[in-house]
Amino acid sequence: MAFYHGSAHSLLQHRTMLPQSRAFSGNARDFSKVYRVPATRIREDNVATHERLSVSSSEPVTKGWSLPRQQHSQASWVERWLPAEARPYAMLARLHMPDAIWLYAWPCVWSIAIAVNKGELPDMKMLALFGLGSVVLRGAACTVNDLLDRDIDKKVERTKSRPLASGALTPAQGFYFLVFQVLLWLGFLLQLNNRSLIVGSSWLVLFFSYPLMKRLTDWPQAFLGFTVSHGVLLGSAAIKESLDYTVLLPMYFAIICWALVYDTIYAHQDRKDDFKAGVKSTAITFGDNTKYWLSGFGAACISSLALTGYNAHLAWPYYPFLAAAAGHLQWQVSTVNLSDKSDCNRKFVSNKWFGALVFGGILCGILAS
């Protein structure tokens, strides 16, 4: 009676229907007689089901492999155009998520643009070459990360379907693919001068070390910033024989602060899972004070970029672009919902436009000088 909320008339009507329902369904004893299934048939059905679900050792796991649809609602170009056997490797290199490539490319592009003579455009061939190099380097960094973190990735909701964590690729296959990527990176460096070859090789070592920092320090995002900033040295070394540290060091520090902003936002997607898995990050370290920390790093980033422009003697058009970039950074920090994974990812991806604004300012500042 407590679960029935109808009127007295409805209750009476409900009682009159009970005999009819009982006649339709039968009693429990009759029901068991009609639907009793022999034990031998149950065993046969279970064997057949197991055979359908198991994967034959002779059949590759990569056959028809793709990311679960909940991770990206529309099929990426990797799933649409690449053969099934190549998809796990492309996904391992994150080719289906190209936005983050800009975060590797912008430090190089900024330093190339600021290293040219006043009133001149940067070498477009060099910019294109570094664009391709950024694709290779980012792919290699992701491969190393997934090789070292494959056991951790299995425990994190967002990463458990990655090729190595899901079993679509074996660790040996991942390692051979990494060797191929390193050879591509060395081929890129051979197109540059000898100084760039040394700087670029050391950059690779830094990227390979980053996944270990998530186990050793509460500030792995700071190490990532230190690593990404190395692109400033490589881009400038490819253009000039001598490095102008009065320009490069403020830019280097600015990129460290910028990386602390965008990668802390990114890390908030996995904050709970990382905490359970024992993975360290600034998202966990900062906790509820994250936005205060990010505001501080954002201010330090913009101040350092202003000092960069001043030391490089950039003309006034640089500063309106820098003000727009500051507004973009402030918008990220003030509006991001750190509890919303989708919003964290949107803000993270939007940093490609921050880099574009700074590049536009450098370009206009050089041409107007």
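Quick caveat, the model's predicted, so the values are computed rather than measured. (Residues numbered from 1 in each chain as written. Predicted model: local features only at pLDDT ≥ 70, side-chain atom pairs only at ≥ 80, totals over all residues. Heavy atoms only, no water.)

Brief notes about the nonpolar core
Alright, step 1. By size, the foremost hydrophobic cluster in this structure holds 84 residues, and its most contacted members are Trp110, Trp258, Phe354 and Ile362.
Alright, step 2. The element that contributes the greatest number of residues to this core is helix 13 (residues 245-267), accounting for 15 residues.
Alright, step 3. For tryptophan 258, the contacting residues outside a window of four places in its chain are Leu103, Trp106, Trp110, Cys301, Leu329, Asn351, Phe354 and Gly355. (Core = buried A, V, L, I, M, F, W, Y, C linked by side-chain atoms within 4.5 Å. Buried < 20%, exposed > 50% of the residue type's maximum accessible area, 1.4 Å probe, protein only. Helix = DSSP H or I, 4+ residues; strand = E, 2+ residues; numbered from the N terminus. Contact = heavy atoms within 4.5 Å.)

Overview of the environment of alanine 93
Alright, step 1. Along the chain, alanine 93 falls in the loop between helix 5 (87-92) and helix 6 (101-115).
Alright, step 2. Using a relative accessible area of 5% as the deciding quantity, one classes alanine 93 as buried.
Alright, step 3. It is 9.7 Å that separates the C-alpha atoms of alanine 93 and valine 144, two residues lying 51 residues apart in sequence.

Details of the UniProt feature "transmembrane region" (unreviewed entry) in the chain
Alright, step 1. In the numbering adopted here, UniProt assigns the feature "transmembrane region" (unreviewed entry) to residues 100-116, 169-190, 196-213, 245-262, 292-312 and 350-368.
Alright, step 2. Regarding residues 100-116, the helix share stands at 88% and the strand share at 0%, and the terminal C-alpha atoms are separated by 26 Å.
Alright, step 3. Segment residues 350-368 splits into 89% helix and 0% strand. End C-alpha atoms: 28 Å apart. (UniProt positions renumbered as here; feature names shortened; annotations may be inferred.)

A look at a positive patch on the surface
Alright, step 1. Side chains of Arg271, Lys272, Lys276 and Lys341 sit close together on the surface and give a patch of like positive charge.
Alright, step 2. No other element matches helix 14 (residues 271-277), which puts three residues into the positive patch.
Alright, step 3. Here lysine 341 shows up in helix 18 (residues 341-349).
Alright, step 4. Here lysine 341 falls in the partly exposed class, since its relative accessible area comes to 40%. (Patch = residues over 30% accessible without salt bridge, like charges linked within 9 Å, V, L, I, M, F, W, Y side chains within 5 Å. Areas by Shrake-Rupley, 256 points an atom, 1.4 Å probe, with all protein chains shown as cover. Salt bridge = Lys/Arg side-chain N within 4 Å of Asp/Glu carboxyl O. Lys, Arg positive; Asp, Glu negative; His and termini not counted. Charge placed at Lys NZ, Arg CZ, Asp CG, Glu CD.)

Some words on the layout of surface pockets
Alright, step 1. By volume, the second largest pocket amounts to about 280 Å³.
Alright, step 2. If you go around the second largest pocket, you meet 15 residues; those closest to its centre are His268, Arg271, Lys272, Leu338 and Ser339.
Alright, step 3. Of all the elements in the fold, those that place two or more residues in the lining of the second largest pocket are helix 14 and helix 16 (290-311).
Alright, step 4. Here the residues of the lining of the second largest pocket are counted per class, giving two nonpolar, six polar and seven charged. (1 Å grid on protein atoms, 1.4 Å probe; cavity = no way out; pocket = protein on both sides within 12 Å on 5 of 7 lines; lining within 4 Å. Points joined across faces, edges and corners; volume = space filled by probe spheres on them. Nonpolar A, V, L, I, M, F, W, Y, C, P; charged D, E, K, R; others polar.)

What about the environment of leucine 322?
Alright, step 1. Within the secondary structure, leucine 322 is located in helix 17 (residues 318-335).
Alright, step 2. Residue classification places leucine 322 among the buried residues on the basis of a relative accessible area of 6%.
Alright, step 3. Along the primary structure leucine 322 and leucine 357 are separated by 35 residues, whereas in three dimensions their C-alpha atoms are 7.0 Å apart.
Alright, step 4. Every residue in contact with leucine 322, bar those within four places of it in the chain, is listed here: Ile302, Leu305 and Ala306.

Examining the side chain of aspartate 263
Alright, step 1. Mapped onto the elements, aspartate 263 comes out in helix 13.
Alright, step 2. The side chain of aspartate 263 sits in the buried core without any salt bridge; lysine 214 is the nearest counter-charge, 8.0 Å away.
Alright, step 3. Excluding anything up to four places from it in sequence, aspartate 263 contacts Tyr210, Gln221, Leu224 and Phe348.

Regarding helix 9 (residues 171-189)
Alright, step 1. Helix length check: helix 9, at 19 residues, gives a terminal C-alpha distance of 27 Å against a target of 27 Å (1.5 Å per residue), a fit within 8%.
Alright, step 2. Those residues of helix 9 lying buried are Gly174, Phe177, Leu178, Gln181, Val182, Trp185, Phe188 and Leu189. For helix 9, the buried positions fall inside an angular range of 150° around the axis, keeping them on one side. The exposed residues of helix 9 that point more than 90 degrees off its buried face are Tyr176 and Leu183.
Alright, step 3. Looking at the buried side of helix 9, the elements it contacts are helix 5, helix 7 (124-153), helix 8 (163-166), helix 10 (194-216) and helix 12 (230-239). (Expected span 1.5 Å × (residues − 1). Arc of directions from axis to C-beta.)

Some thoughts on the packing of helix 9 against helix 10
The relative placement of two packed helices comes down to the angle between their axes together with the axis-to-axis distance.
Alright, step 1. Running from N to C, helix 9 and helix 10 cross one another at 155°; their axes reach a closest spacing of 9 Å. Comparing their axes, helix 10 and helix 9 come out roughly antiparallel. The interaxial crossing formed by helix 9 with helix 10 has right-handed handedness. Of the residues in helix 10, those touching helix 9 at Leu178, Val182, Trp185, Leu186 and Leu189 are Ser196, Leu197, Gly200, Ser201, Trp203, Leu204 and Phe208.
Alright, step 2. For the contact of helix 9 with helix 10, the residue count by class is nine nonpolar, three polar and no charged. (Axes fitted to C-alpha atoms, helices over the stretch in contact; angles between N-to-C directions. Parallel < 35°, antiparallel > 145°, perpendicular 65-115°, else oblique. Left-handed = near helix turned anticlockwise from the far one by under 90°.)

A look at the packing of aromatic side chains
Alright, step 1. Tallying each qualifying case throughout the model produces 24 aromatic pairs.
Alright, step 2. Pairing phenylalanine 130 with phenylalanine 188 gives two aromatic rings, centres 5.3 Å apart and planes at 90°, and the pair type is edge-to-face. Here the residue phenylalanine 130 occupies a position in helix 7, and phenylalanine 188 occupies one in helix 9, the gap between them amounting to 58 residues. Neither residue differs from the other here; phenylalanine 130 and phenylalanine 188 are each classed as buried.
Alright, step 3. With centroids separated by 6.0 Å and ring planes inclined at 70°, the aromatic side chains of tryptophan 185 and tryptophan 203 adopt a geometry described as edge-to-face. Taken as a pair, tryptophan 185 in helix 9 and tryptophan 203 in helix 10 lie far apart in primary sequence, 18 residues in all. Take tryptophan 185 and tryptophan 203: they sit in the same class, and that class is buried.
Alright, step 4. Ring pairing ties together the aromatic residues Tyr104, Phe130, Trp185, Phe188, Trp203 and Phe207, which thus form one cluster. (Phe/Tyr/Trp six-rings, centres within 6.5 Å; stacked < 30°, edge-to-face > 60°.)

Digging into the side chain of serine 236
Alright, step 1. Its place among the elements puts serine 236 in helix 12.
Alright, step 2. Since its relative accessible area comes to 3%, serine 236 is described here as buried.
Alright, step 3. If sequence neighbours within four positions are ignored, serine 236 has contacts with Ser111, Ala115, Leu243 and Leu248.

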